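Residue strings, one per chain:
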Protein chains: 2
Amino acid sequence: MADSRKDRKGAVTIHDVARRAGVSPMTVSRVMNEAPGVKDATRKTVQDAVEALGYAPNAAARSLARQGGGRIGLLYSNPSAGYLSEFLVGALDGAQKTGALLLIEKCDPNPESERAAVGRLIAGGASGVILPPPHGESYAALSELKDGEVAVVAVAAGRFRSDASAVRIDDFAAAAEMTRHLLELGHRRIGFIKGASNQTASAERLLGFETEMRAAEPAATALIEAGEFTYRSGLEAAERLLSARRPPTAIFASNDDMAAGVLTAAHRKGLDVPGALTVVGFDDTSIATAVWPELTTVRQPVAEMAEAAVRILSDDIRGRGQARSDAPVDRLVTHTLVVRDSCGPAPTAD
Amino acid sequence: MADSRKDRKGAVTIHDVARRAGVSPMTVSRVMNEAPGVKDATRKTVQDAVEALGYAPNAAARSLARQGGGRIGLLYSNPSAGYLSEFLVGALDGAQKTGALLLIEKCDPNPESERAAVGRLIAGGASGVILPPPHGESYAALSELKDGEVAVVAVAAGRFRSDASAVRIDDFAAAAEMTRHLLELGHRRIGFIKGASNQTASAERLLGFETEMRAAEPAATALIEAGEFTYRSGLEAAERLLSARRPPTAIFASNDDMAAGVLTAAHRKGLDVPGALTVVGFDDTSIATAVWPELTTVRQPVAEMAEAAVRILSDDIRGRGQARSDAPVDRLVTHTLVVRDSCGPAPTAD
DNA sequence: GTCGTTTCTGTTAGCGGTAACATCAAAGGG
DNA sequence: CCCTTTGATGTTACCGCTAACAGAAACGAC
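All residue numbers here refer to positions counted from 1 along the written sequence of the relevant chain. Note on labels: chains are lettered from A, ligands numbered from 1, in written order. Totals for whole chains, interfaces and linings use all residues, but because this is a predicted model, local features are given only for residues with pLDDT of at least 70 and pairs of side-chain atoms are given and counted only at 80 or more. Side-chain measures were taken over the full set of non-hydrogen atoms in the model, leaving aside hydrogen atoms and water.

*Asks:* Can you lay out the confidence of the model for chain A for me, pointing to particular residues and giving the numbers?
*Replies:* When the pLDDT values of chain A are averaged, the result is 87; 92% of them are 70 or greater. Per-residue confidence from the predictor is reported as pLDDT, a score between 0 and 100. In what follows, residue pairs with any heavy atoms lying within 4.5 Å of each other are defined as contacts. This stretch, residues 1-8 of chain A, has a pLDDT under 50; its non-local contacts, to residues over four places away or in other chains, come to three contacts.

So this is what it looks like as structure tokens:
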């Protein structure tokens, strides 16, 4: 019973593991970092010891020993509600696992502010920076970062660019998939609300929608309105759409905030959702389940993406010196169509 | 010319500062930590050097040297959208400054899950845990934590309890203030939507509202409905309120999500906000500005509160051993009434 | 003037890891 | 059979900072 006694300080160190496994701390370190040159048998022994003791490397010590081996900056402004929290959770998780230190810095979505924030990040010693939307496509941020010789990962940017790594979903395919879903429900007049024009993801989503609509059989009609990714722009676009002579039976908004706006517009008009109007969003942010009825939407694994971004940078930073990692990574992660209560079959009354 | 040479690694260390100030690193450390026993003149010299070099302590090293100077756990479930991100940002900031390590752990808002999550936190070596709402009032979490001899800070719990420190605003006063604002706008029939009954903050807010209403001059009528802090419950409560024979001219929802629901209900009824109905919320989460019109609400400095929570724990953990800190802290932070577009004078038509 | 005291400042050691090099055994090569 | 070569591990030193203690002035008091 006096076995797994680790009492007070939850501090299981690498030495404890080493002792139990009968190896040196260095070997344990190697195993933890998946370094090559450890015999399989030894690796196994160590892993067992790690598990038995519930060892988790001390991020602070690791970061210290690795010589600033990873200070990763994270620029954020005010992406649609709930996005950031999930993003942070993922990033934090990744940071913990890779032993990187996260520096987070807020900025407004304008070049001036971005430049300043990037400056602070660099001053803080960041050797890599993560750019969640919409900064991943900001020239100001990108160029400033390039000057600083800092590795960059853009998250959820619609298209891949050669000067930064990317973690994203296939916006085109996702939008197409959603459109197909609507078509399968029988909708033939479908409204689409575009996203902000400064993000390539908007264009990709529109393209996915249009492509699928054109391929629809029997033919379907697309009604396209502009939007800005905000609740209000969604509401207004929906009002335009719904006051048309022949309004759509379904509206596909390029993000959840706008879809929430559509919901409000529908309610205002006394339209039942999903009875009289189907509404779908994109992103699966928390507003998707905060509103009623809950939104059918496309889920981006935000946390996972953030974690991936941290990993990419962490690896890149560590690998520095050898193969000057000139080749940016383009990691595509899988999205999911989440069907909730806001969509239904097209009303039969034609 | 070989002067301010700090080149490549943006790494200004405590030694650099020490050299420039002509003192030992230890003295610099003391200055940075506001430790007593440093001559004013010396302190000044050091501070100048710090400024000149742009020195910022290395969090990793600090945390390491302080001996696990703090592994702080953070339990989160799914508080209303946007709350968590702001909270995390604050907590992260605090962690950075105090050199604490943040362990975050997700759970569902039920005893089972809370207990498990707390367990993981303790296993991870947390010596203090932060409980954002609604966990700050969960018996399961609190008792589990107590058994583990872990310091606890409950954030935004409505009332202070003797077994945990607290960081919160004065919900009573804030609600009273908001009510006064509505009264001053001339409203005399005011609807109030209560928050979830498992949080004492709900009761405090109600109390603040009622107290002020009773004191109103000329007399005012309060119409109170139950709510659950969710969008949907707000929408439903508002529908009950607005379909009354004599509906209120203003509705005060206990949080922003519910206020957003009220907005939808109003739109659905064709009521202009704020022309025909004034709607106000509470918390100033991101949904407050995502909807339209933007909500008048009470701002809680969430980030600041999270940072304070980290600080309290960090101090407590460091101070361990000497004065066994048996006395929990009760830190009240100041809220602000944020007036936006969703409120206006009472309609004159009586 | 000598000896506490008090007040400031410097030294030493070590937090938990890891880079870089040293070591040592087994494997080939001539 | 000796000498590389290779692969698997152990050693040493140090990352940047801070406890804990040691030392050095400054100041009275006797």
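*Asks:* Break down the protein's contact with DNA strand C for me, citing the residues and quoting the values.
*Replies:* We call a residue near a molecule or strand when any one of its heavy atoms sits within 4 Å of it. Taken together, the neighbourhood of DNA strand C is formed by 26 residues, with Ile14 and Ser29 of chain A together with Ser24, Thr27 and Thr42 of chain B sitting nearest. We define a polar contact as two N or O atoms separated by no more than 3.5 Å, with the added condition that, inside protein, one atom must be a possible hydrogen donor and the other a possible acceptor, whereas residues neighbouring each other in sequence contribute only through side-chain atom pairs. Within the backbone of Asn58 of chain A, one N or O atom sits 3.2 Å away from a phosphate oxygen of DNA strand C. A distance of 3.0 Å is found between a phosphate oxygen of DNA strand C and a side-chain nitrogen or oxygen belonging to Arg62 of chain A. Each residue belonging to the surface near DNA strand C can be placed in one class, and the counts come to 13 nonpolar, nine polar and four charged. Residue type decides the class: Asp, Glu, Lys and Arg count as charged, Ala, Val, Leu, Ile, Met, Phe, Trp, Tyr, Cys and Pro as nonpolar, and the leftover types, Gly among them, as polar.

*Asks:* I'd like a rundown of the packing of aromatic side chains, residues and numbers included.
*Replies:* Residue and element names in this part refer to chain A. Paired rings are identified among Phe, Tyr and Trp, the last through its six-membered ring, by centres lying within 6.5 Å, and are further divided according to the angle between planes into stacked (under 30 degrees), edge-to-face (over 60) and tilted (the rest). Counted by the stated rule, this structure contains eight aromatic pairs over all chains. Relative to Phe252, the ring of Phe192 has its centre 5.1 Å away and its plane inclined at 80°; by these criteria the two rings are edge-to-face. With Phe192 in strand E6 (residues 189-193) and Phe252 in strand E8 (residues 250-253), this pair connects stretches of sequence that are 60 residues apart. By relative accessible area, which is 0% here, Phe192 ends up buried. Given the relative accessible area of 0%, Phe252 is considered buried. Ring geometry for Phe209 versus Phe252: centroids 6.1 Å apart, planes at 80°, classification edge-to-face. Linking Phe209 in helix H9 (residues 200-214) with Phe252 in strand E8, this pair joins segments that are 43 residues apart in sequence. Every helix listed is a DSSP run of H or I at least four residues long, and every strand listed is a run of E at least two residues long, numbered separately from the N terminus. Burial here depends on accessible area, computed with a 1.4 Å probe over protein chains only, as a share of the maximum for the residue type. Under 20% is buried, over 50% is exposed, and the range in between is partly exposed.

*Asks:* Describe the pairing of strand E4 (residues 151-155) of chain A, with residues and values.
*Replies:* All names here are of chain A. The element E4 is largely enclosed, with a buried count of five among its five residues. The two faces of E4 match: Ala151, Val153 and Val155 on one face and Val152 and Ala154 on the other face are all buried. Pairing between strands requires that DSSP locate at least two bridges from one strand to the other. Across four bridges, strand E3 (residues 128-131) lies against E4 in parallel orientation. Each residue of the ladder has a partner; that of Leu131, found in E4, is Ala154. Of the crossover connections in this fold, the one passing from E3 over helix H7 (residues 139-147) to the parallel E4 is right-handed. By the bridge criterion, three bridges tie E4 to strand E5 (residues 165-169) in an arrangement that is parallel. Of the residues in E5, the one forming a bridge with Val153 is Ser165. Here is how to tell: hold the view so the strands point away, follow the path from the first strand over the helix to the second, and if it runs clockwise the crossover is right-handed.

*Asks:* Residue-level account of the protein's contact with DNA strand D, with values.
*Replies:* Residues in close proximity to DNA strand D total 25 residues, the closest being Ser24 and Thr42 of chain A together with Ile14, Ser29 and Tyr55 of chain B. Restricting attention to atoms of DNA strand D within 4 Å of the protein, one finds that 67% of them are sugar or phosphate atoms. The separation between a phosphate oxygen of DNA strand D and a polar main-chain atom of Lys39 of chain A is 2.8 Å. At 3.3 Å, a backbone N or O of Ala61 of chain B approaches a base nitrogen of DNA strand D.

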